[in-house]
Each structure stands twice: as structure tokens, then as C-alpha cells.
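Examination of the molecular architecture
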Amino acid sequence: MTDLTKSLEFSQAEILDLKNNEKGLQKLNKEKQVAVEELQSRVAELNHRLNYQEDYTRRNNLRISGLKEQPVSETWEQTAVNVSKILEEKLQLPSVNLERAHRVGPAAAAASSHPRAVVVRFKNFSDREAAIRNASKLKGTGIYINEDLCPASLEIKKKQFPLMKKAREDGKIAFFRHTRLIIRERIDQRSSSSVPAADSPHVGAGFSGWVAHGDSTVRPPDGTGRVSSETTGDRRVSGDSTGCQQRVLRDIDKLVA
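Residues numbered from 1 in each chain as written. Predicted model: local features only at pLDDT ≥ 70, side-chain atom pairs only at ≥ 80, totals over all residues. Heavy atoms only, no water.

Naming follows an unreviewed UniProt entry, where the protein chain appears as L1 transposable element RRM domain-containing protein of Petrolisthes cinctipes.

**Describing the overall build of the protein chain**
Threshold: Runs of E in the DSSP output that reach at least two residues are strands. Runs of H or I that reach at least four are helices, and both are numbered from the N terminus. Throughout this description, buried means an accessible area under 20% of the type-specific maximum (1.4 Å probe, protein chains only), exposed means over 50%, and partly exposed covers the range between. Calculation of accessible area relied on Shrake-Rupley with a 1.4 Å probe; when residues are assessed, cover is drawn exclusively from the protein chains displayed.
When helices and strands are tallied, the protein chain shows five helices and 10 strands. Counting the 257 residues in the protein chain, one finds 27% classified as buried. If you sum the accessible surface of the protein chain, you get close to 17,900 Å²; carbon and sulfur atoms cover 53% of it.

**What to know about the pairing of strand 1 (residues 61-65)**
We count it as follows: Whether two strands pair comes down to DSSP finding at least two bridges between them.
In the sheet, strand 1 pairs with strand 3 (residues 118-122) via four bridges, with the strands oriented antiparallel. Looking across to strand 3, one finds that R63 is bridged to V119. Across four bridges, the pairing between strand 1 and strand 4 (residues 144-147) is antiparallel. Looking across to strand 4, one finds that S65 is bridged to Y144.

**Things to note about the nonpolar core**
What counts is decided by this rule: Here, nonpolar core refers to any group of buried Ala, Val, Leu, Ile, Met, Phe, Trp, Tyr and Cys residues whose side-chain atoms link them within 4.5 Å. The criterion used for residue contact is that any of the two residues' heavy atoms lie within 4.5 Å.
Membership of the largest hydrophobic core comes to 19 residues, with the highest contact counts inside it found for I64, V83, L87, V120 and F122. When contributions to this core are tallied by element, the ones reaching two or more residues are strand 1, helix 2 (76-89), strand 2 (98-103), strand 3 and helix 3 (125-133). If we ignore the near neighbours within four places in the chain, the residues touching I64 are V83, A117, V118, V120, I143, Y144 and I145.

**A few points about helix 4 (residues 151-169)**
In plain terms, the rule: A helix is expected to span 1.5 Å multiplied by its residue count minus one.
Under the 1.5 Å per step criterion, the end-to-end length of helix 4 is 27 Å for 19 residues, consistent within 8% with the ideal 27 Å. Within helix 4, burial applies to S153, K157, Q160, M164 and A167. Its buried side turned inward, helix 4 meets helix 1 (2-57), strand 4, strand 5 (173-177) and strand 6 (180-184). Among the residues trailing helix 4, G171 stands out with phi positive, at a value near 85°.

**What to know about the sheet that holds strand 2**
Under the convention used in this document: Whenever a helix is involved, its axis is fitted only over the stretch in contact; in every case the axis is a line through C-alpha atoms, and angles between N-to-C directions fall within 0 to 180 degrees.
The four strands are arranged 2-3-1-4 in an open sheet whose pairing can be described as antiparallel. Looking at strand neighbours, the two that pair on one side only are strand 2 and strand 4, the edges of this open sheet. Direction aside, the axes of adjacent strands within the sheet are offset by 25° on average. Where helix 2 meets the sheet, it contacts strand 1, strand 2 and strand 3, and its direction lies at approximately 110° from that of strand 2.

**Observations concerning the layout of surface pockets**
We count it as follows: Grid spacing is 1 Å over the protein atoms alone, the probe is 1.4 Å, and a cavity is where that probe fits but cannot get out, while a pocket is an open set with protein on both sides within 12 Å along at least five of seven lines and lining residues have an atom within 4 Å of a point. Grid points are joined across faces, edges and corners, and a volume is the space filled by probe spheres set on the points. Three classes are used: nonpolar for Ala, Val, Leu, Ile, Met, Phe, Trp, Tyr, Cys and Pro, charged for Asp, Glu, Lys and Arg, and polar for all others, with Gly counted as polar.
The calculated volume of the largest pocket comes to roughly 790 Å³. In terms of lining, the largest pocket is formed by 25 residues, of which the most central are I132, I145, N146, E147 and K157. Classifying every residue of the lining of the largest pocket by side-chain character gives 12 nonpolar, six polar and seven charged. Roughly 230 Å³ of volume is contained in the second largest pocket. Around the second largest pocket sit Y52, D55, Y56, R58, R59, F125, R128, E129, E147, D148, L149 and H178, which together line it. Listing elements by their share of the lining of the second largest pocket, those giving two or more residues are helix 1 and helix 3.

Spelled out as C-alpha cells, the structure:
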């Protein structure tokens, strides 16, 4: 019995040691997991900064797709001449200074029905922005102008294309600002019968119906001398005070302008 008691006590001591070791290992494992998550977050942040930096180096670039390519190997000078011709004749942008323009992709693709894309670098950022603004004039030509972004940024935009398409189908304004998709409501013009007369003291000059400005919506007075309570951004205006009405009307005029 004495030997059995000592053996049992020894076994219990070993079990206790194992439990303590297990707790220590669990704590160490948790600390390592936290460290790994911090490193992963740091790597993701560095990748984001690296992608942004790469996109910034391409800020004067545009990528043109669908521009006809010569069957024989096309030189950079010929590509630049073709691009300048498109900018001048189609986009009405004469005297645009190009730093360079070249095809991207294997030369073997030139013989196919799909010409290689052209990366154009403008000397002036303002010229690049003008080309983006006038890109809609190429509608129906089969030529498309897009930003020249790094592969990671292109993948981010690609994942948001369905959302942009759905928003536009719903009549909203949807566009990209770098890789961030921005969706806004369009100005809702109400019927003239529901809008107070232009000479009404409750309506500011140029006001007509609901006005959407960014994510804020301002509602006109209801014609009873009160300004209906309506949230505008982080503000809420209400009451029948004349001074309050005048301030609201001035805000409305600024939004309409």
C-alpha cells in the first residue's frame, strides 16, 4: 500500500507538471499567434504602400486599348505618332506633349486580331487629365483609355466592377478614385407642381426640388413657414425661426451653385 501510495503521488505530480507545461505552451502559442497577426498586418500595410507608390510613379501614364497595330514590328516613334493622332483628331487635344508611348506584351500578339495595349506617358499631368476627361469621345471607335495601375490595384478595381455596374443600372453616379469606388445619388428633379414658386420667400434663388450633394440631402421648405427637420451630413436643422430659415436657404443656395 505504501508503494502504491508513493507511485500514485508521483504520477499526480507528473500530471500536474504536464498541465503546467501545457498552460505555458498555450500561452506561448497565443503570443506567437499575436506576433504573426501583427506581422501579417504590417506586411499588408507595406504592400499597400508599395502598390500606392508604384501607382504614383505611373500617375502621368494612360493605357490605351484597341489602337490598331502595324503587322510589322512597330517602333516607339510610330506608336507615339498614332497616339498623337488619336489625341488630336478624336479627343480634340492638339499640342499634347508625350514623353513616350510603347506597346506592352509579347510582339507575337501583334499578328492577332487584338492589338497590344499602348502605355502612354505624358510630360504634363494636366494633359493626362484632359485625355481622361475627353475619353468619352472615343465611344463607338473600339478604342478605350484607362489608368495605368499596378496589377494589385487593377485586381482591387476588378472586384468592384459588379458593384459599379449595379449602381449605374440603378441610376446612380459611380466612379473610381484610384482604387476606391465612389457611389453618389443623382440630383432628383421633382415636378414643377410640387416645387414652390420661384418668388416664394421660402425658396432660395435657383432652387428646384431635392438637391443631393455628396451623401447629404437638403429638403426645401414645405410652404407653411416651417423648415422641415432634415438631416444634412452630421447636422440637423428644424424649427420655424426666420434666422434659421435664412441660414438653411443660404446653405441650399451654396449647394445648388
